[in-house]
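Residue strings, one per chain:
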Amino acid sequence: MSEKFDVAVFGSLIVDFISYVPRLPKVGETLHGTKFATGFGGKGANQCVAAARLGSRTAMVGKLGNDPWGKNYYNNLQAEGVNVDHVDILDGQNTGIAQINVANNGDNQIVIVVGANNSLQPNDVQVSEDVINKAKVLVCQLETPVQATIEALKNFKGISIMNAAPGMENIPLDLLKLCTIFCVNESEATLITGMVVETIIQAKAALLKLRDMGCGTIIITLGEKGAIFATKDSQKVIHVRPFKVNKVLDTTGAGDAFIGALAHVLATHPTAEMVECVATANRVAAFSVQKPGTQTSFPRVDEVNLSAGLSSSDFSEWEYI
């Protein structure tokens, strides 16, 4: 194979079952929903599709079940222009599923059953090295077995992004130390560090603890408050202000839109400053929350002004904290 890739994703593929509800239900409560939809999800595939829609040449490494959902998903990835040479459809396995409730204010709650995703193993790193080793950026998450993810990070020589989601207590330190960029949201940072992360200042304290745990460059996304980060070679923590939106419709997948956009910019604009990369990812995530669904909400390259994020060189979009 001679094809080169901007972004390779080693991770999960999950089908979303989405119920739209007036508000999120309380424990034991039954609510009438207003709409039901199915969609293609899973953090790994979401991030891959997000990068592909922005123009990256992408490859996915993952597992699907030999059922109608898996076959449809495989075809969808091909339609998005994603290389699927190492997306395996497994007999006797169910495709991973997610049950998602989305409230009127955009909040969501999600339960996943990973199914075939559990079959992604360390040996798959060697099997798929023809695509992984030809990528500029590798993206990993925590919806597939951790040892396989560690193996992928160990073997990859380019820029790697470890999106430690879903959050994990007692996270293996290799996941923090082997990646180029470690990225989490508030709740994931709380689980990993044991610290409350609700404000920007609390997020800074958690970021500094993650650095003490062995991380290099660290990004903590903060939803409507934007994101903070510190690069491996700097002691300064920077707050990148959020891109404002008029109405939040559905926050499902916003974090994946952020990671996909970050990977895309790192791969296709190698001279960009990290503040520009984070600002661009914020812009893409903000676009996604204004549309329903997960992958259906991700913008294509002609729908979002990436160049605006890549000109974030003044204090109008960021500040030291």
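Preceding block: the structure.
Residues numbered from 1 in each chain as written. Predicted model: local features only at pLDDT ≥ 70, side-chain atom pairs only at ≥ 80, totals over all residues. Heavy atoms only, no water.

(A) Broad picture of the nonpolar core. Among the nonpolar cores identified, the biggest contains 49 residues, and Met 60, Leu 77, Ile 161, Ile 219, Phe 258 and Leu 262 are the most heavily contacted of them. The biggest single contributor to this core is helix α9 (residues 254–268), with nine residues. Apart from residues no more than four positions distant in its own chain, Leu 262 is found in contact with Ile 161, Ile 219, Met 274, Cys 277, Val 278 and Ala 281. The next biggest cluster of nonpolar side chains, apart from the first, holds 42 residues, and it includes Val 125, Phe 182, Ile 228 and Val 237. (Core = buried A, V, L, I, M, F, W, Y, C linked by side-chain atoms within 4.5 Å. Buried < 20%, exposed > 50% of the residue type's maximum accessible area, 1.4 Å probe, protein only. Helix = DSSP H or I, 4+ residues; strand = E, 2+ residues; numbered from the N terminus. Contact = heavy atoms within 4.5 Å.)

(B) Here's a closer look at the pattern of salt bridges. On inspection of all chains with the given rule, the structure shows nine salt bridges. Taking the shortest distance from any N to any O, the salt bridge between Glu 29 and Arg 23 comes out at 2.6 Å. Under the relative-accessibility criterion, Glu 29 is labelled partly exposed at 26%. Residue classification places Arg 23 among the partly exposed positions, given a relative accessible area of 37%. (Salt bridge = Lys/Arg side-chain N within 4 Å of Asp/Glu carboxyl O.)

(C) Fine view of unusual backbone geometry. Omega for the bond connecting Ala 165 with Pro 166 falls within 30 degrees of zero, at 0 degrees, which places this linkage in the cis form. Residue position: Pro 166 is located in the loop between β9 (159–163) and α6 (173–177). The phi dihedral of Asn 170 falls on the positive side, at around 50 degrees, and the residue is not glycine.

(D) Fine view of the sheet that holds strand β2 (residues 14–21). Pairing is mixed across the open sheet formed by four strands, whose spatial order is β3-β2-β6-β7. With partners counted over all chains shown, the strands left at the sheet margins are β3 (35–41) and β7 (108–113), one partner each. Ignoring which end each strand starts from, the neighbouring axes of this sheet average 20 degrees apart. Bridging between β2 and strand β6 (residues 96–103) involves eight bridges; their strand directions are parallel. Considered in β6, the bridge of Val 15 is made with Ile 97. Most of the contacts of helix α2 (residues 68–79) go to β3, to which it runs at about 65 degrees, and overall it touches β2 and β3. (Pairing = 2+ DSSP bridges. Axes fitted to C-alpha atoms, helices over the stretch in contact; angles between N-to-C directions.)

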